[in-house]
Each structure stands twice: as structure tokens, then as C-alpha cells.
Amino acid sequence: MTNPKSLLAAATASAAQTTPVRRDERAPATRARHDRMANAIRALAMDAVEQAKSGHPGLPMGAADVATVLFTRFLKFDAADPAWPDRDRFVLSAGHGSMLIYALLYLLGYEKMTIEEIKRFRQLGSITPGHPESFLTPGVETTTGPLGQGLANAVGMAIAEGHLAAQFGPELVDHRTYVLASDGDLMEGVSQEAIALAGHLKLNKLIVLFDDNSISIDGPLSLADSVDQVKRFEAAGWAATRVNGHDPEAIANALEKAQASDRPALIACRTIIGFGAPSKAGTEKSHGSPLGADEIRGARERLGWSEGAFTIPAEVRGMWRDAGLTGKAAHRAWNDRLKAQPAARRAEFERRIRGELPSDKLAAAVRSVKQKLAATPKEVATRAASETGLEALTAAVPEMIGGSADLTGSNNTKPKGMTVLSAADYSGRFIHYGVREHGMAAAMNGMALHGGIIPYSGTFLVFSDYCRPAIRLAALAGERVIYVMTHDSIGLGEDGPTHQPVEHLAALRAIPNLYVFRPCDAVETIECWQLALENPRAPGVLALTRQNLPQLRIGYDETNRSAAGAYELVPAENAAEVSLFATGSEVSVAVAACKLLREGGISARVVSVPCFELLRQRPAAERRKIVGTAKVNVAVEAAVRQGWDEIIGSDGAFVGMTTFGASAPYKDLYTHFGITPENVAAAALSKLGKT
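Please read all numbers here as calculations on a predicted model, not as lab measurements. (Residues numbered from 1 in each chain as written. Predicted model: local features only at pLDDT ≥ 70, side-chain atom pairs only at ≥ 80, totals over all residues. Heavy atoms only, no water.)

A. Looking closely at the side chain of Glu399. Position of Glu399 among the secondary structure elements: in the loop between helix H16 (382-396) and strand E8 (400-404). Of the residues examined, Glu399 reaches a relative accessible area of 4% and is grouped as buried. Within the structure, the side chain of Glu399 is placed 2.8 Å from the side chain of Arg351, a separation counted as a polar contact. Look past the residues within four positions of Glu399 in its chain and what remains in contact with it is Arg351, Arg352, Glu356, Leu357, Pro358, Gly452, Ile453 and Ile454. (Helix = DSSP H or I, 4+ residues; strand = E, 2+ residues; numbered from the N terminus. Buried < 20%, exposed > 50% of the residue type's maximum accessible area, 1.4 Å probe, protein only. Polar contact = N/O pair within 3.5 Å; in protein donor to acceptor, adjacent residues only side chain to side chain. Contact = heavy atoms within 4.5 Å.)

Structure follows, in C-alpha cells:
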């Protein structure tokens, strides 16, 4: 662990040196001016955490010098327009230090971030929650808190910038992505996936500032970690250096070099956590709890900050507000360049940035696929049907960027003719993520948050476990990200129980604002793709089969029947005694069971349920009509029962999985586990008392 006193001494000595001031009109004129601006961040962080009686003052106090240099001398932004498309992105990956970004937004003059919101830190209804939330607070680029996610999001943002710059030119897209990361971010496994991908793609507009304070919650970082992060990043293809994080000129010089790099850059900034606190600085005691009145009093004395709680002197506030205005000229120049673009090019750029779909082209693509299927029905795996759909969809929706976690041929996510996005060509639309499911999912979140892109990518459904933290954040933030999860049941066969998802559908359906689609055939597959694309405020999962399935929807139907979440696929001939509900590959099992019941004189119907979440949103009367009034409800799905009682009731019968799967040909597995038309019919008869 670095001795805080020696680091403080080095910072003081550095300030006393006659280092030439960087030639930058945005640079603070003196070290004293810089210190006053940085100390404003520290004071607000101390005061807000103290008033809330919870929070993390240590990081904002330790990283205040780094943030002051970045925001006053390098970051391109306009405080009056937090959504300016060509702004630099700043990602606080260490989301626990949220008072750093809130203090900055207030000081820089972001309209919504008032001093009253700072005083309401961590209170219900405020825009200053415990961890930053992009959907709540203007100026916050991504929702962070789970460590490592922000760093991986930033990789996606840098990919998005590179791709859109290749598509529309640097006159419209030319910005950088900056990250402030903690040791915790870099210890989380997702960070390795993220930095390896960024290094491989040579994302040279990505700059990570590492708050290298050598402290974790448990105490000195040396208790648990001894990685040389500079060497680690260098090994992944980054430019990396280490500086004194309390020396403004050292930070500025490192940022200048990083901006000129042909690779992504890491700047490890040696800082003192809780800088200025008399007894808690440099210790874990300043990390995650209020400093206390006495410690705050002592910190104010040490920092030369005599103002009361939540009080920012007019001259300091003025310095910060001036910094918030410096991007206006760049913004105006960008607006002029945008206006000078040909009308069609400008309209396309603005459409993508707004997140609006080319609705007519999308509808035509879906219609074309459905018409071809009506003319020539296909018995194919839904993963193959998805690939067919993607050929039409990606041609109609050019902002779709695909990928796969080293399973391209299995996920069928790369339609014919789609070029690869690589370090040599960012204009491509398919990303080879490698075996990095977690990093892939988190990067896709960053692409969606950046704007102008609709990311989708694939892996096996069982590996949604690797993606889950990022999927959850996409749902929380309301981002349009589409996960293609193939090999969705025991139907994948011989790979066995390690690869056969059993609990995964239920686990994903449990995430609020996540739409889980499990289509039963090629027609439902294109309909589910359409629904996922048309929802701009939620992610979607497409659970797709490895095995071939019969086409159950025969004939052309312009209506997207899957939009209701469930619909009657096979109506009863008379008043139904039995309703059979199923998803995906088991819908054909239910259809066969329905035939057996009818042959035995039982009136039955089949309801396909491609999306629980959409069904749940239908008006109560419509839901009751879809579910029906049959005496017996039976559900069949090659997964666990959890979640089905909402549809079939606790007294309904369920045919599915209660254990893990096994290794065998898939038809043998369906017979072995009893997921057969005969067993479904028998379950219905048993409930009717006719066995």
C-alpha cells in the first residue's frame, strides 16, 4: 500500500514546482484555482453523505483532482444539452462514488442538478440515487454500481463511436469515451473480457482513468490483490502509464498522450482515498460511510475550506460554470456541420440517434418473410428461422449491429453478406466477441446507451448465466438490447445437462422489464424479432431451438399474433374442456396432444404463449379470453414450472422438467423425461378424472 503521507508530500512538492502551465485556454490559471475547484467537489461529497447518513465519500474526495482536470481541460460537452450526440462520454464505473458525478453536474450548471437535489442525496424521488442511473439523471451516461459493468459499457460506447464515425464521417461523429474505474472494477472478471476486446479492436478513443488508491472495503488492497494493472493492460494491447493523481499537470500530460495514442489507454492515477480527511484519509474508513462531524471539520481545515455545508463560494461556482460553457462553441460548430449535410444523410443520422425505426422498411421486411413462409412452409430450427429473418431485418434496419460469443455458426446471428467490424474497419456490422459472454452483453448495453445502434448478439441460453448482470442492468435502464439465446432446452441433445437450460427461462422471466420470447415456428420467430425491435425501452431475449420444428402457422396473416403474448393457435371444436398452453418447441407437442384428446372425445384447444410479459400487459378481460374457461389447464414446456401458475393456476397440470437433463439424442430425451403428446393428454385426462 502506498503511504498516504508520502503521496500527499509528493503532491505538495509537485504543486510547488515551476512546471509550465499547459497551453490550453481551458486550463486553470493557477494551482490554487485548481485546488479550490477540486475542493468544491470534496466538500459537496462530504456534506451530502453526512446528511444522508450513508454513502461513499472516499472516492469523490480522492478522485477530485483527476475529475477537475478532465472536466475543465479535456472533456467535450455542453452542460445545456446533456444529450448532444457528439459529446464525449464520461462513465463513472465506480458507481459507489456517485457524489463525484452529482457534484460535477451541479457545479458545471446542468439544469436538473440543483443544490436541493444534492441535499436529497439517496432520498426517495431525488435524481441523486445511491448509484448513478442513466434513465433518471441527465448527464449520467450509464447505470453503474455493480463493479466492472461501467468499464465494459464504455467499450461498447467506443465501438459505437467508431462504427458511426465510419458510417457518417468525423464531421458528425468524433468524440472520446472516458472512464473512472476503481480497483474493484478491475478485479471483477468482466473487466478482463472488456479490456481484451478493446485492445483487440484498438479502440484508441477509449481512455480509462484508474483511481489507484490501494484501498478496498476490507482494508489495504494487498489483502486480496497484487496485480500490476499497468502491465496487465499493456498485455491486452493498451497504452498504460502511472501518474500522481493529485498533480494536475501530470494528469493533464498523461491525458494528452492518451488522446494521441493509437490504442486504448489506461492512466493509473495514484490517489489518496478520502483526501483531506485528517484521520480517515488513505484508509478503508473513508470508503463507504459518513466521515462524521469532527472528521469533516478537520477536513475543511486541512483543505482551507471555510464555507458551511452545501455552500459553494460565488467565485468557485463561477469557475465551474465557465467550464460548463466552454463546449458551446464546439456544439455550435457541430450543429453547423450537421445542417450542411445532404438532406437524406442528415435525416438518416438524426433518425438513428433518436432511436426511431424505419417503420415502413421494417414492416415490409417482416411481411416479405411471412409471405414466403405462407407460400413455402418450412420445418426448420427457430435459430435457422432467425437467420432467415435477420437477412431481411438487417437490410431494412441498418443500425442493427450483430455478433456472437464464438458461436456464430450455432447462433445463426451473421446473415449472408454482413461484414465484420474489426480494428481495420469499424464500418462492419458483425462483431466476433470471442468467448466473452459477460463482456459482450455489457458492451451491447454501452452501444445502446450511446445511441444510433441497436445491438444484438448470440450465445447458448444456458450461458445467459454469464450475461445476467448486464441483462439485468439493461432491463433496469430500459435499453433496447437483443440477446439471441439458442439451444434453448433439452432439445439440444447430446451436449448434455451442462449445456441444457432447465431453470433459465424462469430466471430470465423473473427480471422486470425483460421480454423473453420463445417462438414455436418460423412465423412466430419473425414476429418476435419485430416485437423486440419495436420496443425502444426494454431488452429482449429470443430463446431459439437447435432442433427442427414444424411450421404451425399456415397461410399468410398480416397481424402479428405474437404481440398479444399468447393466442389461440388451435381452437376447440366445441366448448373447450381442456386448454393446452405451450411455448417454443413444445407447442407442436401440445398440438399433437390436442389431436389425441379429440380422438378420445375431449374438446381441447391450444394456446401458444411466445411471451409471458406481453400477455401480462394485456387488459384483464383480454387475458381472461385468451386463457379461456376450460375445466382443465395444462402447460407444457421443457423447463421448470416456475412462472406458469400465473397462466394455468396452481391447480393446473404441468408437463416439463423437474431435474437436470441428460446426454442423448433429443428425441430420446423428450421420451425419457415424459414431454410427449401422450403424457400431456394423460395429464389432462387425469385432471378430468377420466384416466
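B. Here's a closer look at the sheet that holds strand E18 (residues 653-655). The five strands lie next to each other as E14-E16-E15-E17-E18, forming an open sheet whose pairing is mixed. The sheet is open, and its two edges are formed by strand E14 (567-570) and E18, each paired on a single side. Strand-to-strand twist across the sheet, computed as the mean angle between neighbouring axes with direction ignored, equals 30°. Examined bridge by bridge, strand E15 (residues 578-582) and strand E17 (residues 632-636) share five bridges and lie parallel to one another. Looking at the pairing, Phe581 lines up with Ala635 of E17. Contacting E14, E15, strand E16 (604-608) and E17, helix H24 (residues 620-627) crosses the sheet at an angle of about 130° to E16. (Pairing = 2+ DSSP bridges. Axes fitted to C-alpha atoms, helices over the stretch in contact; angles between N-to-C directions.)

C. Representation of the confidence of the model for the protein within the structure. The share of residues in the protein with pLDDT of 70 or more is 96%, and the mean pLDDT across the chain is 96. Here helix H1 (residues 4-16) stands out as the element of the protein with the lowest mean pLDDT, 43, in contrast to strand E3 (residues 206-212), whose mean of 99 is the highest. Scored below 50 in pLDDT, residues 1-23 makes 34 contacts in the model with residues more than four places away or belonging to other chains. (pLDDT = per-residue confidence, 0-100.)

D. Seen up close, the sheet that holds strand E13 (residues 540-543). Here six strands make up an open sheet; going across it, the order is E9-E8-E10-E11-E13-E12 and the pairing parallel. The open sheet is flanked by strand E9 (430-432) and strand E12 (515-517), the only strands paired with a single partner. Put simply, the sheet's adjacent strands are angled 20° from each other on average, direction ignored. Direction of pairing for strand E10 (residues 454-460) relative to strand E11 (residues 482-486): parallel, over a ladder of five bridges.

E. Looking closely at the nonpolar core. By size, the foremost hydrophobic cluster in this structure holds 74 residues, and its most contacted members are Leu44, Phe71, Met99, Ile118, Leu255 and Trp320. Considering each element in turn, this core owes the most residues, 11 residues, to helix H2 (residues 31-52). Contact partners of Met99, with chain neighbours within four places excluded, come to Leu44, Ala45, Ala48, Val49, Pro60, Ile118 and Phe121. Core analysis: the next-biggest nonpolar cluster, separate from the first, contains 70 residues, Ala165, Val179, Cys467 and Tyr483 among them. (Core = buried A, V, L, I, M, F, W, Y, C linked by side-chain atoms within 4.5 Å.)

F. Representation of the packing of aromatic side chains. According to the stated counting rule, one finds 14 aromatic pairs in the structure shown. Each residue in the set Phe71, Phe77, Phe90 and Tyr110 is aromatic and connected to the rest through ring pairs, giving one cluster. Here the guanidinium or amino end of Arg321 rests over the ring plane of Tyr106, the centre of that ring lying 5.2 Å away. Over the ring of Phe612 we find Arg509, and its NZ or CZ is 3.8 Å from the ring centre. (Phe/Tyr/Trp six-rings, centres within 6.5 Å; stacked < 30°, edge-to-face > 60°. Lys NZ or Arg CZ within 6 Å of the ring centre and 35° of its normal.)

G. Structural context of the environment of Leu266. With respect to the element layout, Leu266 can be found in strand E7 (residues 265-270). Considering only alpha carbons, one finds Leu266 and Gln123, 143 residues apart in sequence, at a separation of 35 Å. Aside from chain neighbours lying at most four places away, what touches Leu266 is Val208, Phe210, Gln229, Val230, Phe233, Trp238, Ala239, Ala240 and Thr241.

H. Focus on the state of the cysteines. Using the criterion set out here, one finds zero disulfides in the structure. Sulfur of Cys520: no disulfide; nearest cysteine sulfur belongs to Cys528 and is 8.6 Å away. Here Cys520 falls in the buried class, since its relative accessible area comes to 2%. Free cysteine Cys594: the closest other cysteine sulfur is in Cys520, separated by 14 Å. Judged by relative accessible area, which is 2%, Cys594 ranks as buried. (Disulfide = S-S within 2.5 Å.)

I. Structural view of helix H18 (residues 437-450). Compared with the 20 Å implied by 1.5 Å per residue over 14 residues, the 20 Å span of H18 between its first and last C-alpha is a close match. Of all the 14 residues making up H18, 14 are buried; the element is thus mostly covered by neighbouring parts of the structure. The positive-phi residue at the C-terminal boundary of H18 is Gly451, with phi of around 95°. (Expected span 1.5 Å × (residues − 1).)

J. Representation of the pairing of strand E6 (residues 239-244). Two strands pair when backbone bridges link them, and E6 and E7 are joined in this way by six bridges, in the parallel orientation. Paired with Thr241 across the bridge in E7 is Ile267. For the crossover that starts at E6, traverses helix H10 (residues 248-259) and ends in the parallel E7, the hand is right-handed. (Right-handed = clockwise from strand over helix to strand, strands pointing away.)

K. Fine view of helix H3 (residues 58-73). Along its 16 residues, H3 runs 23 Å from first to last C-alpha, staying within 8% of the 22 Å computed at 1.5 Å per residue. Remark: the principal bend of H3, roughly 55°, maps to Ala64. Of all 16 residues making up H3, 16 are buried, and the element is well covered by its neighbours. (Bend = angle between axes of the 7 residues up to and from the residue.)

L. Summary view of a nonpolar patch on the surface. Nonpolar side chains collect at one region of the surface, where Phe135, Leu136 and Leu476 lie side by side and expose about 240 Å² of accessible area between them. Structurally, the position occupied by Leu476 is in helix H19 (residues 464-477). The class for Leu476 is partly exposed, based on a relative accessible area of 42%. (Patch = residues over 30% accessible without salt bridge, like charges linked within 9 Å, V, L, I, M, F, W, Y side chains within 5 Å. Areas by Shrake-Rupley, 256 points an atom, 1.4 Å probe, with all protein chains shown as cover. Salt bridge = Lys/Arg side-chain N within 4 Å of Asp/Glu carboxyl O.)

M. Region of interest: the pairing of E13. With burial as the criterion, each face of E13 is covered, one bearing Gly540 and Leu542 and the other bearing Val541 and Ala543. Here four bridges tie E11 to E13, and the two strands are oriented parallel to one another. Each bridged residue has a counterpart across the sheet, and for Tyr483 the counterpart in E13 is Val541. Across three bridges, E12 lies against E13 in parallel orientation. Residue pairing across strands places Phe517 opposite Leu542, the latter belonging to E13. Note that the unit made of E12, helix H21 (residues 522-533) and E13 has a crossover that is right-handed.

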